[in-house]
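Residues per chain, in single letters:
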Amino acid sequence: MKHTRHIQHSIEYIEAHLHEQLSLQHIAAQIGFAPNYFHHLFSRAVGKGVADYIRQRRLCQSALLLITTEQGILDIAMQCGFESQEAFTRAFKKEYALPPGRYRKLFQQDATLTYHKGESTMNMTYTSPSESPIEGWFLSGTSMHHYAIELDGAQVHTGRQSAHLYTPSTDQAPSMAMQEQQFGTLMQQFQAHAYRGKRMRFSGFVKTSTVQQSCGLWMRVDDRYENVLQFDNMHNRPITGDCDWNHYAIVLDIPPESTIIAFGVMLVGKGHVWIDSLRFEEVGLDVPLTNLDPDADLPAAPQNLDFEQ
């Protein structure tokens with residue numbers, strides 16, 4: 001993870017200048033890297049090249065404008081960096097399988113419902129995949145009654161919606177932000193058999209708002225006796241406050257005795273966190289682990305046995 005912060009800094013710059021002229025050379029210069037080397041690092045971390053990433057983010061912004069405003073399609077195309085409506089239509093249809101006009105007609109009403117559904121679901125908690133509004137994911141944690149989850153069409157990194165974990169505004173637990181033990185997590189778990197002996201990376205894009213304590217991605221690998229074999233919850237690199245979309249990753253080895261893998265996003269205390277564009281993939285052994293080693297701070301040998309030091 002040597003260049004993680006450099007990649008995150010470049011994404012921060014892209015997000016802040018998304019509707020301006022952006023080139024590989026200019027972005028690379030912001031972090032002091034040669035363009036070709038930066039492109040290699042970015043593609044390896046994010047899973048797509050810089051130009052593809054910018055195009056996808058601009059198309060996502062255009063999709064939101066189509067269903068949340070009455071702006072003309074040509075105006076949206078120009079605002080999102082396309083030279084013509086024809087070029088915009090081709091790119092949009094390739095990404096969303098629909099031309100912009102048809103997309104607007106199909107999803108504009110649906111978007112209105114999506115933005116307001118939190119008002120009716122904010123007091124609901126979901127503790128199993130069968131009850132969850134997000135297929136394959138469920139809510140867990142130490143204080144689930146303080147948290148809620150939903151699909152959100154207003155805060156999106158790619159596609160049409162993201163997952164949102166948050167503390168509802170109606171929550172009346174004044175001591176919650178003061179107690180680090182209280183957290184909620186949007187998570188899933190699955191069998192480890194297909195991944196044994198591999199080094200796996202769980203990564204994606206995270207956005208936060210008013211996070212008082214901390215939040216971050218997490219991943220855990222257990223054996224058949226529920227012993228923790230590998231674990232990382234970004235405790236040593238937490239996300240706090242208000243942060244725009246950026247890329248984060250966890251890399252763990254999956255030992256031969258592994259039986260269960262679990263991962264998700266954790267929110268400690270109050271706030272809002274969105275996750276999108278997640279990936280779970282095998283990486284090479286040259287990609288550094290992020291595993292939190294509980295023995296890392298221990299000395300290598302006994303010390304000061306005669307008390308003379």
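Right above here is the structure, for reference.
Residues numbered from 1 in each chain as written. Predicted model: local features only at pLDDT ≥ 70, side-chain atom pairs only at ≥ 80, totals over all residues. Heavy atoms only, no water.

Draft legend 1. Here's a closer look at the overall build of the protein. In terms of regular secondary structure, the protein is built from eight helices and nine strands. Intrachain contacts of the protein at a sequence separation of at least 6 include 72% that bridge at least 24 residues. Counting every atom, the protein has about 16000 Å² of accessible surface; 51% of that belongs to carbon and sulfur. (Helix = DSSP H or I, 4+ residues; strand = E, 2+ residues; numbered from the N terminus. Contact = heavy atoms within 4.5 Å. Areas by Shrake-Rupley, 256 points an atom, 1.4 Å probe, with all protein chains shown as cover.)

Draft legend 2. The packing of helix H4 (residues 50-68) against helix H6 (residues 85-96), seen in detail. Packing of H4 against H6 brings their axes to within 10 Å, and their N-to-C directions diverge by 95°. As judged from the angle between their axes, H4 and H6 are roughly perpendicular. In this structure, H4 contributes Arg55, Gln56, Leu59, Cys60, Ser62, Ala63 and Leu66 to the contact, and H6 contributes Phe88, Ala91, Phe92, Glu95 and Tyr96. In the contact of H4 with H6, the residues fall into eight nonpolar, two polar and two charged. (Axes fitted to C-alpha atoms, helices over the stretch in contact; angles between N-to-C directions. Parallel < 35°, antiparallel > 145°, perpendicular 65-115°, else oblique. Nonpolar A, V, L, I, M, F, W, Y, C, P; charged D, E, K, R; others polar.)

Draft legend 3. Expanded view of H4. Relative to the 27 Å expected for 19 residues at 1.5 Å per residue, H4 spans 27 Å between its end C-alpha atoms, a close match to the ideal helical length. Within H4, 14 of the 19 residues are buried, which leaves it mostly tucked inside the rest of the structure. (Expected span 1.5 Å × (residues − 1). Buried < 20%, exposed > 50% of the residue type's maximum accessible area, 1.4 Å probe, protein only.)

Draft legend 4. Inspection of the packing of helix H1 (residues 4-16) against helix H3 (residues 35-46) at higher detail. Close contact between H1 and H3 brings their axes to 10 Å; oriented N to C, the two are set at 90°. When the interaxial angle is binned, H1 and H3 end up roughly perpendicular. Between H1, through Ile7, Ser10, Ile11 and Ile14, and H3, the contact on the second element is made entirely by Phe38, Leu41, Phe42, Ala45 and Val46.

Draft legend 5. Expanded view of the environment of Glu86. Relative to the assigned elements, Glu86 resides in helix H6. The exposure class of Glu86 is exposed, given its relative accessible area of 52%. Sequence separation of Glu86 and Leu74 is 12 residues, and the distance between their C-alpha atoms is 9.0 Å.

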